[in-house]
Amino acid sequence: MNRRPLIAGNWKMFGLAADLSEMEGLAPHAARLTGLDIVLCPPATLIAQAAWRLKGGVMGLGGQDCAPAQQGPHTGDVSAAMLKDAGAAWVILGHSERRRDHGESDALVRAKADAALAAGLTPILCVGETIEERKAGAADSVVTRQLARSVPDGAPASLVIAYEPVWAIGTGLTPSAAEIVEIHAVVRAALMARFGADGAAMRILYGGSVKPANAGEILALDGVDGALVGAASLKAADFGAIMEAHPAARAGN
Ligand code: PGA
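Residues numbered from 1 in each chain as written. Predicted model: local features only at pLDDT ≥ 70, side-chain atom pairs only at ≥ 80, totals over all residues. Heavy atoms only, no water.

Asker: Help me get a handle on the overall build of the chain, residues and values and all.
Answerer: Counting its regular elements, the chain contains 13 helices and eight strands. The globule rule puts the C-alpha radius of gyration for 253 residues at 18 Å, and the 17 Å found for the chain is close to it. Dimensions of the chain, computed from the C-alpha atoms along their principal axes, are close to 50 × 45 × 35 Å. By the burial criterion, 51% of the 253 residues in the chain qualify as buried. Counting only contacts in the chain whose residues sit at least 6 apart along the sequence, the fraction spanning at least 24 positions is 72%. In the structure as shown, the chain presents an accessible area of about 10,800 Å², 56% of it carried by carbon and sulfur atoms. Here the chain contributes 22 positive and 26 negative side-chain charges, whose respective centroids are spaced 2 Å apart. (Helix = DSSP H or I, 4+ residues; strand = E, 2+ residues; numbered from the N terminus. Rg over C-alpha atoms; globule rule 2.2 N^0.38 Å. Buried < 20%, exposed > 50% of the residue type's maximum accessible area, 1.4 Å probe, protein only. Contact = heavy atoms within 4.5 Å. Areas by Shrake-Rupley, 256 points an atom, 1.4 Å probe, with all protein chains shown as cover. Lys, Arg positive; Asp, Glu negative; His and termini not counted. Charge placed at Lys NZ, Arg CZ, Asp CG, Glu CD.)

Asker: So what about the packing of helix α8 (residues 139-150) against helix α9 (residues 177-195)? Which residues, and what values?
Answerer: Contact geometry for α8 and α9: axes closest at 10 Å, N-to-C directions at 35°. Considering the relative orientation of α8 and α9, their crossing is right-handed. Residues Ala-139, Asp-140, Val-143, Thr-144, Leu-147 and Ala-148 of α8 pack against Glu-182, Ile-183, Val-186, Val-187, Ala-190, Leu-191 and Arg-194 of α9. Looking at the contact of α8 with α9, its residues break down into nine nonpolar, one polar and three charged. (Axes fitted to C-alpha atoms, helices over the stretch in contact; angles between N-to-C directions. Left-handed = near helix turned anticlockwise from the far one by under 90°. Nonpolar A, V, L, I, M, F, W, Y, C, P; charged D, E, K, R; others polar.)

Asker: A description of helix α6 (residues 106-119) should follow, citing residues and the corresponding values.
Answerer: The terminal C-alpha atoms of α6, which comprises 14 residues, lie 20 Å apart, in line with the 20 Å expected from a rise of 1.5 Å per residue. Residues of α6 that are buried include every one of Asp-106, Val-109, Lys-112, Ala-113, Ala-115 and Ala-116, and no others. The inward-facing, buried residues of α6 contact α4 (80-86), β4 (90-93), α5 (96-101), β5 (122-127) and α8. Where α6 ends, the next residue or the one after it, Gly-120, has phi of about 90°, a positive value. (Expected span 1.5 Å × (residues − 1).)

Asker: Describe the layout of surface pockets, with residues and values.
Answerer: Empty pockets left among the atoms are what a rolling probe the size of a water molecule brings to light. When its volume is computed, the largest pocket comes out at roughly 590 Å³. Along the wall of the largest pocket there are 23 residues; nearest its centre are Met-13, Gln-64, Asp-65, Arg-98 and His-102. For the lining of the largest pocket, the secondary structure elements donating two or more residues are α3 (44-54) and α5. Of the residues assigned to the lining of the largest pocket, the class counts are nine nonpolar, seven polar and seven charged. (1 Å grid on protein atoms, 1.4 Å probe; cavity = no way out; pocket = protein on both sides within 12 Å on 5 of 7 lines; lining within 4 Å. Points joined across faces, edges and corners; volume = space filled by probe spheres on them.)

As structure tokens, then:
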């Protein structure tokens with residue numbers, strides 16, 4: 001199965017208008033690396049301006065969350081349609097920081113994924129175990145359960161899963177290469193058991209402390225279809241270097 005690699009950046013709650021110059025620094029990489037999908041997820045406040053500045057470029061934009069409701073009296077929430085209207089085509093959902101900070105459950109993440117798909121956005125749906133769960137030997141079962149409960153029925157082949165071990169996010173720690181390969185295979189098996197050929201086509205990204213120094217090794221691993229990058233996506237030099245480290249880039253495409 002030939003899945004097109006995807007590298008997505010998650011700016012989290014960082015970035016003001018002045019920082020969009022970093023995003024513009026990525027455009028030449030994105031234009032040259034035609035074998036990769038490149039997506040940047042800035043704060044919601046910057047999406048419209050980013051879209052305007054990227055006009056005609058190949059880089060995609062995403063939100064970092066959306067509401068489960070289409071519209072209504074939900075002060076402070078941003079709907080999937082609003083993200084789309086601002087220029088986003090993607091949305092990160094179920095990130096562990098939202099699960100932690102806002103108590104987001106698998107059921108809520110699933111409702112948000114349904115809303116995103118209904119609005120025409122492609123979800124990048126995050127799953128991943130805590131360090132306690134990994135130490136207890138429960139990483140596979142936790143991730144399988146999160147997938148079962150948070151990925152909607154009828155999810156299309158375009159839906160993206162990001163495997164992000166909670167303990168690797170922002171810590172500089174990463175699982176071993178063997179651990180990443182093993183759990184990506186678990187995710188793949190679960191997707192195929194439930195969605196058949198569509199489950200074989202869904203992309204599975206690795207996320208958690210991806211940086212220029214380890215991107216080449218991680219992106220070349222079996223079953224890793226790309227990366228979701230946090231801190232290292234804030235600077236064009238780092239995020240560009242991660243893109244350039246992809247085997248498809250080194251192969252000249
Ligand atoms: P990090 O974050 O690359 O800073 O570890 C990854 C993420 O949270 O998506």
